[in-house]
Amino acid sequence: MAKICSPSFPDTPFLYIFTLFTLMFIRISARPAQFVDDFKAAWSESHIRQMDGGKAIQLVLDQSTGCGFASKRKYLFGRVSMKIKLIPGDSAGTVTAFYMNSDTATVRDELDFEFLGNRSGQPYSVQTNIFAHGKGDREQRVNLWFDPSLDYHTYTILWSHKHIVFYVDDVPIREYKNNEAKNIAYPTSQPMGVYSTLWEADDWATRGGLEKIDWSKAPFYAYYKDFDIEGCPVPGPTFCPSNPHNWWEGYAYQSLNALEARRYRWVRVNHMVYDYCTDRSRFPVPPPECHA
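The structure displayed is predicted, hence computed values, not measured ones.

**A few points about the sheet that holds strand S1 (residues 39-43)**
Here is step 1: Overall, antiparallel pairing links the eight strands, which are arranged S1-S4-S13-S6-S7-S8-S9-S15 in an open sheet. A single partner strand is all that each edge strand has here, and the edge strands are S1 and strand S15 (272-275). For this sheet, the mean inter-axis angle between neighbouring strands, taken without regard to orientation, is 15°.
Here is step 2: Bridge count for S1 against strand S4 (residues 67-71) is four bridges, and the pairing is antiparallel.

Structure representation (structure tokens):
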């Protein structure tokens, strides 16, 4: 359920201070929403099926089309998360995406989760990418350490003035810090919508396009539930995006804590399979954010 920190403060000084302290340092929980509360079909609505009274949905990919959905509003900073159960078995050539996008033609901002299908028995890979001020090409890939088709897992994007963090079940798999002071682009001004799509991409998705989609296994299904958006809606209160009392701007969320830092190192050492920062064929000189 979309939620914004826009409190009505009590009159007494004690309660005011207590409420302000709570907003600054305690994470605000949002009730997971029904799909229709915050989202709508973006294309091929016939391939999006609501389940469990609208608390969950199924996306369908067949030879006729894939499908996708989008948030009804855009947001500027905050946190978005969903629980997703990916395509089981032979899913080579398919991509299930969960991302934020400014939906601007030329100078777009975008934060991507792309789950790349596999042949049965191979690990599922998740690719993340970041577009800032129209510049992307910041791909990283991680092999998931579990089978994401057996059960739901939580995928989260945290976006604050300090950094962007991609989480898998509260394990950070990528952090992108705000280094605008070093002339490195960072998304700060364009609100972004929340999107998800299921589509065919067998020209690149699995082993660089070597593994093609097997349509005899179609239709392919991905499942979603617990849709959670906490952020500043645009249009909305103009003070919200710059409000330092939003929980995601609090001190506890300005950097990875000690446990998150250990988990982050573990992922990068044991499960990262591609990092654009070390791809000398594409970038003989690493991009500046790789050193920052």
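**Describing the side chain of Asn 118**
Here is step 1: Positionally, Asn 118 belongs in the loop between strand S7 (110-116) and strand S8 (125-131).
Here is step 2: Residue Asn 118 is classed as buried on the basis of its relative accessible area of 7%.
Here is step 3: Of note is the side chain of Asn 118, whose polar atom sits 2.2 Å from the backbone oxygen of Gln 122.
Here is step 4: Setting aside residues up to four positions removed in sequence, Asn 118 forms contacts with Gly 89, Asp 90, Ser 91, Ala 92, Pro 123, Tyr 124 and Thr 206.

**What to know about the side chain of Ser 160**
Here is step 1: By the element assignment, Ser 160 lies in the loop between strand S10 (153-159) and strand S11 (163-168).
Here is step 2: For Ser 160, a relative accessible area of 1% puts it in the buried group.
Here is step 3: Those residues in contact with Ser 160 that sit more than four places away from it in its chain are Phe 77, Tyr 186, Trp 248 and Glu 249.

**Some points on the sheet that holds strand S2 (residues 48-51)**
Here is step 1: Taken in spatial order, the seven strands make up an open sheet running S2-S3-S14-S5-S10-S11-S12, and their pairing is antiparallel. Every interior strand has two partners, whereas the edge strands, S2 and strand S12 (171-177), have only one. Each adjacent strand pair in this sheet contributes to an overall mean axis angle of 20°, direction not counted.
Here is step 2: Where S11 lies against S12, six bridges are found, and the strand directions are antiparallel. Bridge assignment links Ile 164 to a residue of S12, and that residue is Tyr 176.
Here is step 3: Across the face of the sheet, helix H3 (residues 258-270) comes into contact with S11 and S12 while running at roughly 95° to S12.

**A short note on the nonpolar core**
Here is step 1: Formed by 59 residues in total, the largest nonpolar core has its most connected members in Phe 69, Met 82, Leu 111, Phe 113, Tyr 155, Trp 159 and Tyr 224.
Here is step 2: In terms of nonpolar packing, the next biggest core, distinct from the first, is built from eight residues, Ala 70, Val 95, Tyr 99 and Ala 205 among them.

**Brief notes about the packing of aromatic side chains**
Two aromatic rings are characterised by how far apart their centres lie and by the angle between their planes.
Here is step 1: By the definition in use, this model includes 23 aromatic pairs.
Here is step 2: Considering the side-chain rings of Phe 113 and Phe 115, the 5.8 Å spacing of their centres and the 10° angle between planes classify their relative orientation as stacked. Both residues of the pair, Phe 113 and Phe 115, belong to the buried class.
Here is step 3: Site record: aromatic cluster; members linked through ring pairs are Phe 35, Phe 39, Phe 69, Tyr 224 and Phe 227.
Here is step 4: Directly above the aromatic system of Phe 131 lies the positively charged group of Arg 108, at a separation of 3.9 Å from the ring centroid.
Here is step 5: Sitting over the face of the ring of Tyr 152, Lys 225 holds its NZ or CZ atom 4.4 Å from the ring centroid.

**A word on the pattern of salt bridges**
Here is step 1: For the coordinates displayed, the defined rule picks out 12 salt bridges.
Here is step 2: We note a salt bridge from Glu 230 to Arg 79, for which the minimum N-O separation is 2.5 Å. Highlighted residues: Glu 230 in strand S14 (residues 220-234) and Arg 79 in strand S5 (residues 74-85), separated in sequence by 151 residues. Considered together, Glu 230 and Arg 79 belong to a single accessibility category, that of buried residues.
Here is step 3: Of the charged contacts in the structure, one is a salt bridge between Glu 211 and Arg 207, with a shortest N-O distance of 2.9 Å.

**Here's the deal with the confidence of the model for the protein chain**
Here is step 1: Summing up the model confidence of the protein chain, the mean pLDDT is 90 and the portion of residues at 70 or higher is 89%.
Here is step 2: Low pLDDT (under 50) marks residues 5-29, which in the prediction has 33 contacts with non-local residues, meaning those over four places away or in another chain.

**A look at the state of the cysteines**
Here is step 1: Across all of its chains, the model carries two disulfides by this definition.
Here is step 2: Paired by a disulfide, Cys 232 and Cys 240 hold their sulfur atoms 2.0 Å apart. Across the disulfide from Cys 232 to Cys 240, rotation about the S-S bond amounts to roughly -70°, and the bridge is consequently left-handed.
Here is step 3: For Cys 277, the disulfide goes to Cys 290, at an S-S distance of 1.9 Å. Taking the torsion about the S-S bond as the criterion, the Cys 277 to Cys 290 disulfide, at about -80°, is left-handed. Of this pair, Cys 277 sits in the segment after S15 while Cys 290 sits in the segment after S15, and the two are 13 residues apart along the sequence.
Here is step 4: On the basis of relative accessible area, Cys 277 is assigned to the buried category, the value being 15%.
Here is step 5: Within the protein chain, bonded cysteines paired by disulfides and numbered along the sequence follow the pattern 1-2, 3-4.

Procedures and definitions
- Residues numbered from 1 in each chain as written.
- Predicted model: local features only at pLDDT ≥ 70, side-chain atom pairs only at ≥ 80, totals over all residues.
- Heavy atoms only, no water.
- Pairing = 2+ DSSP bridges.
- Helix = DSSP H or I, 4+ residues; strand = E, 2+ residues; numbered from the N terminus.
- Axes fitted to C-alpha atoms, helices over the stretch in contact; angles between N-to-C directions.
- Buried < 20%, exposed > 50% of the residue type's maximum accessible area, 1.4 Å probe, protein only.
- Polar contact = N/O pair within 3.5 Å; in protein donor to acceptor, adjacent residues only side chain to side chain.
- Contact = heavy atoms within 4.5 Å.
- Core = buried A, V, L, I, M, F, W, Y, C linked by side-chain atoms within 4.5 Å.
- Phe/Tyr/Trp six-rings, centres within 6.5 Å; stacked < 30°, edge-to-face > 60°.
- Lys NZ or Arg CZ within 6 Å of the ring centre and 35° of its normal.
- Salt bridge = Lys/Arg side-chain N within 4 Å of Asp/Glu carboxyl O.
- pLDDT = per-residue confidence, 0-100.
- Disulfide = S-S within 2.5 Å.

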